[in-house]
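The chain contents come next:
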Amino acid sequence: MAPDDPELAILGEKVDHKRSRYPYAIVWTPIPLLTWMLPFIGHMGIAMSSGVIRDFAGPYFVSEDHMAFGRPTKYWTLNPSKVKGGTRGWDTAVSDASEEYRHHMHNLFCDNCHSHVALALNTMHYDRSTSWNMIKLCFLMLIYGKYVSVCAFLKTWLPFLILAGGAVTLALVV
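Residues numbered from 1 in each chain as written. Predicted model: local features only at pLDDT ≥ 70, side-chain atom pairs only at ≥ 80, totals over all residues. Heavy atoms only, no water.

Student: How should the overall build of the protein be read in this particular structure?
Tutor: Looking only at helices and strands, one finds 5 helices and 8 strands in the protein. What you see in the protein, going N to C, is helices and strands ordered as β-β-β-α-β-β-β-β-α-α-α-β-α. Relative to a compact globule of 174 residues, whose C-alpha radius of gyration would be 16 Å, the protein shows 17 Å and is just as compact. Projected onto its principal axes, the C-alpha coordinates of the protein cover approximately 60 × 40 × 25 Å. Out of the 174 residues in the protein, the part that is buried amounts to 44%. Accessible area for the protein stands at about 9,400 Å²; split by element, carbon and sulfur atoms hold 65% of it. (Helix = DSSP H or I, 4+ residues; strand = E, 2+ residues; numbered from the N terminus. Rg over C-alpha atoms; globule rule 2.2 N^0.38 Å. Buried < 20%, exposed > 50% of the residue type's maximum accessible area, 1.4 Å probe, protein only. Areas by Shrake-Rupley, 256 points an atom, 1.4 Å probe, with all protein chains shown as cover.)

Student: Looking at this structure, how should I read the nonpolar core?
Tutor: Note on soluble globular proteins: their nonpolar side chains tend to be buried together. Ile26, Trp90, Leu121, Met124 and Leu137 are the most contacted members of the largest nonpolar core, which has 27 residues in total. If you list the elements that add at least two residues to this core, you get strand S3 (25-30), strand S4 (42-47), helix H2 (86-101), helix H3 (113-123) and helix H4 (134-144). Each residue touching Leu121, except ones within four places of it in the same chain, is listed here: Ile26, Ile46, Leu78, Tyr126, Ser129, Trp132 and Leu137. (Core = buried A, V, L, I, M, F, W, Y, C linked by side-chain atoms within 4.5 Å. Contact = heavy atoms within 4.5 Å.)

Student: Sorry if this is basic, but what is going on with the sheet that holds strand S8 (residues 146-147) here?
Tutor: Hydrogen bonding along the main chain pairs the strands of a sheet, whether they run parallel or antiparallel. Overall, antiparallel pairing links the 6 strands, which are arranged S6-S5-S4-S3-S7-S8 in an open sheet. With one partner strand each, in any of the chains shown, strand S6 (61-64) and S8 form the two edges of the open sheet. In terms of strand pairing, strand S5 (residues 53-58) meets S6 through 4 bridges, oriented antiparallel. In the sheet register, Gly58 faces S6, and the bridge partner there is Phe61. Where H4 meets the sheet, its contacts fall on S3, S4, strand S7 (74-77) and S8, and the angle it forms with S7 comes to roughly 95°. (Pairing = 2+ DSSP bridges. Axes fitted to C-alpha atoms, helices over the stretch in contact; angles between N-to-C directions.)

Student: Honestly, H2 in this entry has me stumped. Any pointers?
Tutor: Side chains three or four residues apart in an α-helix point the same way, a direct result of the helix having 3.6 residues per turn. The terminal C-alpha atoms of H2, which comprises 16 residues, lie 23 Å apart, in line with the 22 Å expected from a rise of 1.5 Å per residue. Along H2, the residues that are buried comprise Gly89, Trp90, Asp91, Ala93, Val94, Ala97, Ser98 and Tyr101. Summarising the contacts, the buried residues of H2 are in contact with S3, S4, S5, S6 and H3. (Expected span 1.5 Å × (residues − 1).)

Student: Help me out: how do you make sense of the pattern of salt bridges in this one?
Tutor: Two side chains of opposite charge can pair, provided their charged atoms sit close to one another. Counted under the stated rule, the structure contains 4 salt bridges. Close ionic contact of Arg54 with Glu64 constitutes a salt bridge, the shortest N to O distance being 3.0 Å. Residue Arg54 is found in strand S5, and its partner Glu64 is found in strand S6; the two are separated by 10 residues along the sequence. For Glu64, a relative accessible area of 42% corresponds to the partly exposed category. (Salt bridge = Lys/Arg side-chain N within 4 Å of Asp/Glu carboxyl O.)

Student: What is the right way to read the confidence of the model for the protein from this model?
Tutor: Keep in mind that low pLDDT regions are not for reading the predicted coordinates in detail. When the pLDDT values of the protein are averaged, the result is 92; 93% of them are 70 or greater. Per-element averaging of pLDDT across the protein places strand S1 (residues 9-10) at the bottom with 47 and S3 at the top with 98. Considering only residues more than four positions removed or in separate chains, one finds that residues 1-10, a stretch of pLDDT under 50, has 17 contacts. (pLDDT = per-residue confidence, 0-100.)

Here is the structure:
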């Protein structure tokens, strides 16, 4: 995309891949081993209006500006005009969700980084909805998420393709 692409600018804030700044966005990165087998499953965070990312990185810990599994490989920019309270509502909801998750034990299957993002979206009533959940977010990130680069795409899909290719080859040989 061109640097002057209007899709990159929302209310004066611009996506900056080099600094990992994704204003009003949900971000995603692969989890080694897990994403290699199921490439639609990964680690998710949500950015403040400034683009600084917050992610539920482990038990009782929400990181800021350093995602648990590395820099984002995908992002999905949301529209702050669909937030109850606009920019202030967005930032307050992300901060409140982060504070809440500083008191949560991490559970890979039912209370995880996706749940943290869902709580933020539910709190801000994004798109007039309070039914955000980890399954919905996983599916929507798969559909609407944009890769930050070709290398990011390969980081996500190449290990899976190598493992799948090896499994198919092994199945055909045996």
